[in-house]
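Chain and residue survey
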Amino acid sequence: MVIKLIKRYFVRTRSLQEGMKIDQAIKDRMDRTLIARGTLLNTYLIESLQKLGVGGVYICEGEEEPEPEKKEVPLPPKIQHTIDKLRKADPAKVNLTESVKKRVSEGIQYLYNNSNSQEFTNTATNITQNLMRAINDNDAIAVDITALKTCDEYTFKHSVDVATMSMIIAKQQKLKQQDIYNIGIAGLLHDMGKSKIPLSILNKPAKLNDEEFAVMKKHPVLGYEILKEKNEFPLTISLAVLQHHEKMNGKGYPFGLTSDKITHYAKIMSVVDVYDALVTQRPYKKAFSQRTAVEMIMSMTEELDIDSMKSFLASVILYPVDSTVSLSNGEDARVVKNNPQSILRPTVVGLTSGKVYNLAEDFSCANIIIQ
(Lines give C-alpha, C1' and ligand atoms only; values in the text may rest on other atoms or scores of the structure.)
Protein backbone atom coordinates (compact mmCIF):
# COMPACT_ATOMS: atom_id res chain seq x y z
CA MET A 1 0.00 0.00 0.00
CA VAL A 2 1.15 3.55 -0.73
CA ILE A 3 0.92 5.94 2.19
CA LYS A 4 0.10 9.56 1.43
CA LEU A 5 0.66 12.34 3.97
CA ILE A 6 -2.11 14.93 4.04
CA LYS A 7 0.19 17.82 5.01
CA ARG A 8 3.87 18.14 5.91
CA TYR A 9 5.68 21.33 6.88
CA PHE A 10 8.69 22.70 8.76
CA VAL A 11 8.27 24.31 12.20
CA ARG A 12 10.90 26.09 14.26
CA THR A 13 11.49 24.40 17.59
CA ARG A 14 10.44 27.46 19.55
CA SER A 15 7.07 27.42 17.74
CA LEU A 16 6.29 23.74 18.44
CA GLN A 17 3.17 22.93 20.41
CA GLU A 18 2.02 19.91 22.38
CA GLY A 19 0.17 17.36 20.28
CA MET A 20 2.06 18.06 17.04
CA LYS A 21 3.23 14.90 15.26
CA ILE A 22 6.91 14.88 14.30
CA ASP A 23 7.59 13.57 10.79
CA GLN A 24 11.27 12.71 11.16
CA ALA A 25 13.38 10.73 13.59
CA ILE A 26 15.70 12.61 15.93
CA LYS A 27 18.93 10.70 16.58
CA ASP A 28 22.13 11.30 18.49
CA ARG A 29 25.62 10.97 17.04
CA MET A 30 25.68 7.28 17.91
CA ASP A 31 22.60 6.78 15.72
CA ARG A 32 20.39 6.11 18.72
CA THR A 33 16.81 7.24 18.21
CA LEU A 34 15.86 9.92 20.72
CA ILE A 35 12.44 10.73 19.25
CA ALA A 36 10.81 8.33 16.80
CA ARG A 37 9.09 9.53 13.66
CA GLY A 38 5.35 9.83 14.21
CA THR A 39 5.67 10.71 17.92
CA LEU A 40 3.19 13.20 19.37
CA LEU A 41 5.22 15.97 20.99
CA ASN A 42 4.76 16.99 24.59
CA THR A 43 6.38 19.73 26.69
CA TYR A 44 9.25 17.49 27.77
CA LEU A 45 10.13 16.49 24.19
CA ILE A 46 9.91 20.07 22.94
CA GLU A 47 12.24 21.25 25.72
CA SER A 48 14.60 18.37 24.88
CA LEU A 49 14.74 19.48 21.24
CA GLN A 50 15.57 23.00 22.35
CA LYS A 51 18.38 21.75 24.62
CA LEU A 52 19.77 19.66 21.76
CA GLY A 53 20.01 22.80 19.65
CA VAL A 54 17.62 21.50 16.98
CA GLY A 55 16.51 24.57 15.05
CA GLY A 56 13.32 23.05 13.69
CA VAL A 57 11.62 19.83 12.64
CA TYR A 58 9.11 18.56 10.10
CA ILE A 59 5.54 18.13 11.34
CA CYS A 60 2.70 16.25 9.66
CA GLU A 61 -1.02 16.86 10.03
CA GLY A 62 -4.06 14.82 9.15
CA GLU A 63 -4.65 11.12 8.83
CA GLU A 64 -2.65 8.84 6.61
CA GLU A 65 -4.75 7.25 3.96
CA PRO A 66 -3.87 4.11 2.04
CA GLU A 67 -4.02 4.10 -1.73
CA PRO A 68 -4.41 0.90 -3.69
CA GLU A 69 -1.27 -0.07 -5.51
CA LYS A 70 -1.54 0.24 -9.24
CA LYS A 71 -1.10 -3.09 -10.96
CA GLU A 72 1.21 -3.20 -13.93
CA VAL A 73 -0.81 -3.93 -17.06
CA PRO A 74 1.25 -5.72 -19.72
CA LEU A 75 1.70 -3.67 -22.86
CA PRO A 76 0.53 -4.99 -26.22
CA PRO A 77 3.37 -7.07 -27.78
CA LYS A 78 3.79 -4.65 -30.70
CA ILE A 79 4.32 -1.65 -28.41
CA GLN A 80 6.62 -3.61 -26.10
CA HIS A 81 8.67 -4.68 -29.14
CA THR A 82 9.04 -1.04 -30.22
CA ILE A 83 10.20 -0.07 -26.72
CA ASP A 84 12.70 -2.92 -26.56
CA LYS A 85 14.04 -2.12 -30.03
CA LEU A 86 14.61 1.58 -29.37
CA ARG A 87 15.67 1.40 -25.73
CA LYS A 88 19.12 2.82 -25.02
CA ALA A 89 20.24 2.64 -21.41
CA ASP A 90 21.23 5.81 -19.59
CA PRO A 91 24.91 6.41 -18.80
CA ALA A 92 26.07 4.88 -15.53
CA LYS A 93 24.55 6.84 -12.65
CA VAL A 94 25.96 7.40 -9.20
CA ASN A 95 24.26 5.06 -6.76
CA LEU A 96 24.23 5.91 -3.07
CA THR A 97 23.26 2.80 -1.12
CA GLU A 98 21.23 3.17 2.05
CA SER A 99 24.31 2.42 4.17
CA VAL A 100 26.31 5.12 2.35
CA LYS A 101 23.45 7.60 2.70
CA LYS A 102 23.32 6.85 6.41
CA ARG A 103 27.06 7.35 6.92
CA VAL A 104 27.09 10.50 4.82
CA SER A 105 24.05 11.96 6.57
CA GLU A 106 25.53 11.35 10.02
CA GLY A 107 28.90 12.69 8.97
CA ILE A 108 27.60 15.92 7.45
CA GLN A 109 25.41 16.61 10.49
CA TYR A 110 28.46 16.11 12.71
CA LEU A 111 30.47 18.59 10.63
CA TYR A 112 27.86 21.35 10.78
CA ASN A 113 27.32 20.86 14.51
CA ASN A 114 31.03 20.56 15.42
CA SER A 115 33.00 22.97 13.27
CA ASN A 116 35.68 23.27 15.99
CA SER A 117 36.15 19.51 16.44
CA GLN A 118 39.59 17.95 16.00
CA GLU A 119 37.84 15.27 13.93
CA PHE A 120 36.48 17.83 11.46
CA THR A 121 38.98 17.18 8.67
CA ASN A 122 38.90 13.39 9.07
CA THR A 123 35.11 13.40 8.96
CA ALA A 124 35.02 15.53 5.79
CA THR A 125 37.62 13.23 4.22
CA ASN A 126 35.67 10.07 5.09
CA ILE A 127 32.41 11.44 3.67
CA THR A 128 34.09 12.46 0.42
CA GLN A 129 35.78 9.07 0.11
CA ASN A 130 32.36 7.42 0.46
CA LEU A 131 31.03 9.59 -2.37
CA MET A 132 34.13 8.92 -4.51
CA ARG A 133 33.65 5.17 -4.12
CA ALA A 134 29.97 5.45 -5.04
CA ILE A 135 30.93 7.31 -8.21
CA ASN A 136 33.90 5.12 -9.16
CA ASP A 137 32.36 1.74 -8.33
CA ASN A 138 30.20 1.84 -11.45
CA ASP A 139 32.16 4.51 -13.34
CA ALA A 140 29.25 6.93 -13.00
CA ILE A 141 29.17 9.97 -15.25
CA ALA A 142 25.56 10.95 -14.59
CA VAL A 143 23.18 11.52 -11.72
CA ASP A 144 19.45 10.84 -11.49
CA ILE A 145 18.39 14.17 -9.98
CA THR A 146 15.05 12.75 -8.87
CA ALA A 147 16.72 10.13 -6.66
CA LEU A 148 19.18 12.11 -4.54
CA LYS A 149 18.06 12.20 -0.93
CA THR A 150 20.18 11.57 2.13
CA CYS A 151 18.13 13.14 4.91
CA ASP A 152 15.22 15.52 5.47
CA GLU A 153 17.12 18.45 6.98
CA TYR A 154 17.72 21.03 4.23
CA THR A 155 21.27 22.18 5.00
CA PHE A 156 22.64 18.63 5.24
CA LYS A 157 20.78 17.29 2.19
CA HIS A 158 21.72 20.35 0.15
CA SER A 159 25.40 19.98 1.03
CA VAL A 160 25.50 16.33 -0.05
CA ASP A 161 23.55 17.09 -3.25
CA VAL A 162 25.94 19.90 -4.19
CA ALA A 163 28.97 17.71 -3.44
CA THR A 164 27.68 14.72 -5.43
CA MET A 165 26.55 16.66 -8.49
CA SER A 166 29.69 18.82 -8.51
CA MET A 167 31.86 15.67 -8.47
CA ILE A 168 29.90 14.19 -11.37
CA ILE A 169 30.30 17.40 -13.37
CA ALA A 170 34.03 17.44 -12.61
CA LYS A 171 34.25 13.85 -13.86
CA GLN A 172 32.19 14.78 -16.94
CA GLN A 173 34.80 17.48 -17.62
CA LYS A 174 37.54 14.84 -17.27
CA LEU A 175 39.21 16.59 -14.35
CA LYS A 176 41.85 14.70 -12.36
CA GLN A 177 40.78 12.42 -9.52
CA GLN A 178 42.30 14.85 -7.01
CA ASP A 179 40.19 17.68 -8.43
CA ILE A 180 37.03 15.53 -8.25
CA TYR A 181 37.87 14.72 -4.65
CA ASN A 182 38.62 18.36 -3.76
CA ILE A 183 35.42 19.68 -5.28
CA GLY A 184 33.55 17.03 -3.30
CA ILE A 185 34.96 18.41 -0.04
CA ALA A 186 34.20 21.97 -1.18
CA GLY A 187 30.62 20.97 -1.98
CA LEU A 188 30.15 19.35 1.41
CA LEU A 189 31.50 22.38 3.23
CA HIS A 190 30.25 25.20 0.99
CA ASP A 191 27.57 26.27 3.49
CA MET A 192 29.65 25.66 6.60
CA GLY A 193 29.51 29.37 7.40
CA LYS A 194 25.79 28.98 8.10
CA SER A 195 26.77 27.24 11.33
CA LYS A 196 27.78 30.72 12.53
CA ILE A 197 24.54 32.43 11.45
CA PRO A 198 21.95 33.05 14.22
CA LEU A 199 19.23 30.38 14.23
CA SER A 200 16.58 33.11 14.23
CA ILE A 201 17.74 34.02 10.72
CA LEU A 202 18.77 30.57 9.51
CA ASN A 203 15.41 28.97 10.41
CA LYS A 204 13.09 31.89 9.75
CA PRO A 205 9.94 30.46 8.09
CA ALA A 206 9.54 33.51 5.88
CA LYS A 207 11.55 35.55 3.42
CA LEU A 208 14.47 37.37 5.04
CA ASN A 209 14.31 41.16 5.20
CA ASP A 210 17.22 43.24 3.87
CA GLU A 211 19.00 43.39 7.23
CA GLU A 212 18.67 39.64 7.81
CA PHE A 213 19.77 38.85 4.26
CA ALA A 214 22.86 41.01 4.76
CA VAL A 215 23.76 38.76 7.71
CA MET A 216 23.04 35.60 5.71
CA LYS A 217 25.29 36.83 2.89
CA LYS A 218 28.24 36.64 5.28
CA HIS A 219 28.17 32.84 5.33
CA PRO A 220 30.67 32.33 2.45
CA VAL A 221 33.26 34.46 4.29
CA LEU A 222 32.50 32.71 7.59
CA GLY A 223 32.89 29.32 5.92
CA TYR A 224 36.16 30.39 4.31
CA GLU A 225 37.48 31.52 7.70
CA ILE A 226 36.54 28.21 9.32
CA LEU A 227 38.56 26.29 6.74
CA LYS A 228 41.50 28.70 6.71
CA GLU A 229 41.83 28.51 10.50
CA LYS A 230 42.26 24.75 10.27
CA ASN A 231 45.10 25.13 7.75
CA GLU A 232 44.39 21.58 6.51
CA PHE A 233 42.55 22.25 3.24
CA PRO A 234 44.04 23.36 -0.10
CA LEU A 235 43.38 26.97 -1.06
CA THR A 236 41.32 25.78 -4.03
CA ILE A 237 38.76 24.30 -1.62
CA SER A 238 38.63 27.35 0.64
CA LEU A 239 38.24 29.70 -2.35
CA ALA A 240 35.40 27.59 -3.77
CA VAL A 241 33.57 27.92 -0.44
CA LEU A 242 34.23 31.68 -0.46
CA GLN A 243 33.08 32.21 -4.06
CA HIS A 244 30.15 29.83 -4.55
CA HIS A 245 27.64 32.72 -4.61
CA GLU A 246 29.63 34.86 -7.04
CA LYS A 247 28.13 35.37 -10.52
CA MET A 248 29.80 35.71 -13.91
CA ASN A 249 28.35 39.21 -14.42
CA GLY A 250 29.68 40.50 -11.10
CA LYS A 251 26.27 40.60 -9.41
CA GLY A 252 26.98 37.88 -6.85
CA TYR A 253 28.38 38.08 -3.35
CA PRO A 254 30.36 38.55 -1.12
CA PHE A 255 32.74 40.53 -3.39
CA GLY A 256 30.91 40.95 -6.70
CA LEU A 257 33.66 39.15 -8.63
CA THR A 258 33.42 38.70 -12.39
CA SER A 259 34.09 35.52 -14.37
CA ASP A 260 37.87 35.91 -14.68
CA LYS A 261 38.28 36.18 -10.89
CA ILE A 262 36.14 33.14 -9.98
CA THR A 263 37.76 29.72 -9.57
CA HIS A 264 36.78 26.70 -11.67
CA TYR A 265 35.43 24.81 -8.63
CA ALA A 266 33.21 27.74 -7.66
CA LYS A 267 31.83 28.05 -11.20
CA ILE A 268 30.75 24.40 -11.13
CA MET A 269 29.36 24.59 -7.60
CA SER A 270 27.39 27.75 -8.38
CA VAL A 271 25.33 25.98 -11.06
CA VAL A 272 24.58 23.02 -8.79
CA ASP A 273 23.89 25.23 -5.77
CA VAL A 274 21.29 27.25 -7.69
CA TYR A 275 19.63 24.13 -9.13
CA ASP A 276 19.34 22.29 -5.82
CA ALA A 277 17.99 25.38 -4.06
CA LEU A 278 15.31 25.74 -6.75
CA VAL A 279 14.03 22.16 -6.44
CA THR A 280 14.01 22.10 -2.63
CA GLN A 281 10.94 23.15 -0.67
CA ARG A 282 11.62 25.56 2.16
CA PRO A 283 9.30 26.95 4.84
CA TYR A 284 9.02 30.21 2.89
CA LYS A 285 8.82 28.88 -0.68
CA LYS A 286 7.53 25.98 -2.73
CA ALA A 287 9.88 23.78 -4.69
CA PHE A 288 10.09 24.20 -8.44
CA SER A 289 9.75 21.06 -10.53
CA GLN A 290 12.97 19.57 -11.88
CA ARG A 291 11.93 20.55 -15.39
CA THR A 292 11.22 24.16 -14.43
CA ALA A 293 14.48 24.38 -12.50
CA VAL A 294 16.46 23.11 -15.50
CA GLU A 295 14.73 25.67 -17.74
CA MET A 296 15.58 28.42 -15.25
CA ILE A 297 19.23 27.29 -15.16
CA MET A 298 19.34 27.39 -18.96
CA SER A 299 18.12 31.00 -18.91
CA MET A 300 20.85 32.20 -16.52
CA THR A 301 23.55 32.61 -19.17
CA GLU A 302 24.72 35.96 -17.78
CA GLU A 303 25.02 34.71 -14.21
CA LEU A 304 26.33 31.15 -14.55
CA ASP A 305 29.41 29.83 -16.31
CA ILE A 306 28.37 28.45 -19.71
CA ASP A 307 30.83 25.53 -19.73
CA SER A 308 29.75 24.47 -16.23
CA MET A 309 26.11 24.81 -17.24
CA LYS A 310 26.65 22.60 -20.31
CA SER A 311 28.43 20.00 -18.19
CA PHE A 312 25.58 20.09 -15.67
CA LEU A 313 23.00 19.55 -18.40
CA ALA A 314 25.06 16.69 -19.85
CA SER A 315 25.39 15.06 -16.42
CA VAL A 316 21.84 15.12 -15.11
CA ILE A 317 19.12 12.68 -16.08
CA LEU A 318 15.74 14.31 -15.78
CA TYR A 319 13.65 11.50 -17.24
CA PRO A 320 15.39 8.13 -16.64
CA VAL A 321 15.03 5.48 -19.33
CA ASP A 322 12.12 3.11 -18.49
CA SER A 323 10.24 5.84 -16.57
CA THR A 324 6.69 6.75 -17.62
CA VAL A 325 5.85 10.36 -18.45
CA SER A 326 2.72 12.27 -19.42
CA LEU A 327 2.76 14.13 -22.72
CA SER A 328 0.93 17.39 -23.40
CA ASN A 329 -1.18 15.60 -26.04
CA GLY A 330 -2.76 13.51 -23.27
CA GLU A 331 -0.89 10.25 -23.85
CA ASP A 332 1.35 8.50 -21.33
CA ALA A 333 4.67 7.36 -22.77
CA ARG A 334 7.72 5.28 -21.86
CA VAL A 335 11.15 6.93 -22.02
CA VAL A 336 13.44 4.85 -24.25
CA LYS A 337 16.36 7.18 -24.96
CA ASN A 338 17.76 10.40 -23.52
CA ASN A 339 19.44 13.13 -25.52
CA PRO A 340 22.34 14.75 -23.57
CA GLN A 341 22.08 17.85 -25.78
CA SER A 342 18.38 18.24 -25.02
CA ILE A 343 17.59 16.71 -21.64
CA LEU A 344 14.05 18.11 -21.60
CA ARG A 345 13.14 16.21 -24.79
CA PRO A 346 13.95 12.48 -24.74
CA THR A 347 12.66 9.89 -27.20
CA VAL A 348 9.50 8.22 -25.86
CA VAL A 349 6.99 5.62 -27.02
CA GLY A 350 3.25 6.18 -26.52
CA LEU A 351 1.75 3.49 -24.31
CA THR A 352 -1.61 3.66 -26.09
CA SER A 353 -0.72 4.41 -29.70
CA GLY A 354 2.75 2.85 -29.84
CA LYS A 355 3.87 6.01 -31.64
CA VAL A 356 7.53 6.99 -31.36
CA TYR A 357 7.98 10.61 -30.25
CA ASN A 358 11.51 11.85 -30.92
CA LEU A 359 10.93 15.05 -29.02
CA ALA A 360 14.40 16.44 -29.66
CA GLU A 361 14.70 15.93 -33.41
CA ASP A 362 11.27 15.26 -34.97
CA PHE A 363 9.77 18.56 -36.11
CA SER A 364 6.28 17.07 -36.00
CA CYS A 365 6.70 16.75 -32.21
CA ALA A 366 7.70 20.38 -31.73
CA ASN A 367 4.46 21.30 -30.00
CA ILE A 368 4.54 18.30 -27.61
CA ILE A 369 6.18 18.58 -24.20
CA ILE A 370 6.48 16.38 -21.15
CA GLN A 371 4.18 17.71 -18.48
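Residues numbered from 1 in each chain as written. Predicted model: local features only at pLDDT ≥ 70, side-chain atom pairs only at ≥ 80, totals over all residues. Heavy atoms only, no water.

Within this structure, the stated rule accounts for seven salt bridges. Residue Arg37 pairs with Asp23 through a salt bridge whose shortest N-O separation is 3.0 Å. Here the residue Arg37 occupies a position in the loop between β5 (33–35) and α1 (43–52), and Asp23 occupies one in the loop between β3 (21–22) and β4 (26–27), the gap between them amounting to 14 residues. Of the charged contacts, one joins Arg291 and Glu295 as a salt bridge, the two residues approaching to 3.4 Å between their closest N and O atoms. Taken as a pair, Arg291 and Glu295 lie in helix α12 (residues 290–299) at a separation of four residues, close to a single helical turn. Take Arg291: its relative accessible area is 16%, and that puts it in the buried class. Exposure remark for Glu295: the relative accessible area of 34% places this residue in the partly exposed category. (Salt bridge = Lys/Arg side-chain N within 4 Å of Asp/Glu carboxyl O. Helix = DSSP H or I, 4+ residues; strand = E, 2+ residues; numbered from the N terminus. Buried < 20%, exposed > 50% of the residue type's maximum accessible area, 1.4 Å probe, protein only.)

Take the sheet that holds strand β12 (residues 347–350) next. The four strands lie next to each other as β10-β11-β12-β13, forming an open sheet whose pairing is antiparallel. In the strand order of this sheet, the two ends are held by β10 (324–326) and β13 (356–358), each with one partner. Averaged over all pairs of adjacent strands, the angle between strand axes in this sheet comes to 40°, irrespective of strand direction. Bridging between strand β11 (residues 332–337) and β12 involves four bridges; their strand directions are antiparallel. Paired with Arg334 across the strands is Val349, a residue of β12. Against the sheet, helix α2 (residues 77–86) contacts β11, β12 and β13, and its axis sits at roughly 170° relative to β12. (Pairing = 2+ DSSP bridges. Axes fitted to C-alpha atoms, helices over the stretch in contact; angles between N-to-C directions. Contact = heavy atoms within 4.5 Å.)

Once that is clear, we can look at α2. Residues of α2 that are buried: Ile79, Thr82 and Ile83. Angularly, the buried residues of α2 cover 100° about the axis, an arc narrow enough to put them on a single face. Along α2, exposed side chains directed more than 90 degrees from the buried face belong to Pro77, Lys78, His81 and Lys85. Its buried side turned inward, α2 meets β11, β12 and β13. (Arc of directions from axis to C-beta.)

Attention now moves to the sheet that holds strand β6 (residues 56–61). With antiparallel pairing, three strands are arranged side by side in an open sheet as β2-β6-β3. Only two strands of the sheet have a single partner each, and these edge strands are β2 (7–12) and β3. Relative to β6, β3 is paired through two bridges, and the arrangement is antiparallel. Note on β6: the bridge partner recorded for Ile22 is Ile59.

In this section: the packing of aromatic side chains. Scanning the entire structure with this criterion turns up four aromatic pairs. Measuring from centroid to centroid gives 5.3 Å for Phe10 and Tyr58, while their planes differ by 75°, and the two rings are edge-to-face. Placement of the pair is Phe10 in strand β2 and Tyr58 in strand β6, with a sequence separation of 48 residues. Accessibility classification places Phe10 together with Tyr58 in one group, the buried group. Ring centres of Tyr275 and Phe312 lie 5.3 Å apart, and the angle between their planes is 50°; on these two criteria the pair is classed as tilted. A residue pair is termed long-range when its members are at least 10 positions apart, and Tyr275 in helix α11 (residues 264–278) and Phe312 in helix α13 (residues 306–315) qualify at 37 residues. By the burial criterion, Tyr275 is buried, and Phe312 matches it. Here the basic side chain of Lys230 rests over the ring of Phe120, its NZ or CZ set 4.5 Å away from the ring centre. (Phe/Tyr/Trp six-rings, centres within 6.5 Å; stacked < 30°, edge-to-face > 60°. Lys NZ or Arg CZ within 6 Å of the ring centre and 35° of its normal.)

On their own, these measurements won't tell you what the molecule is for.
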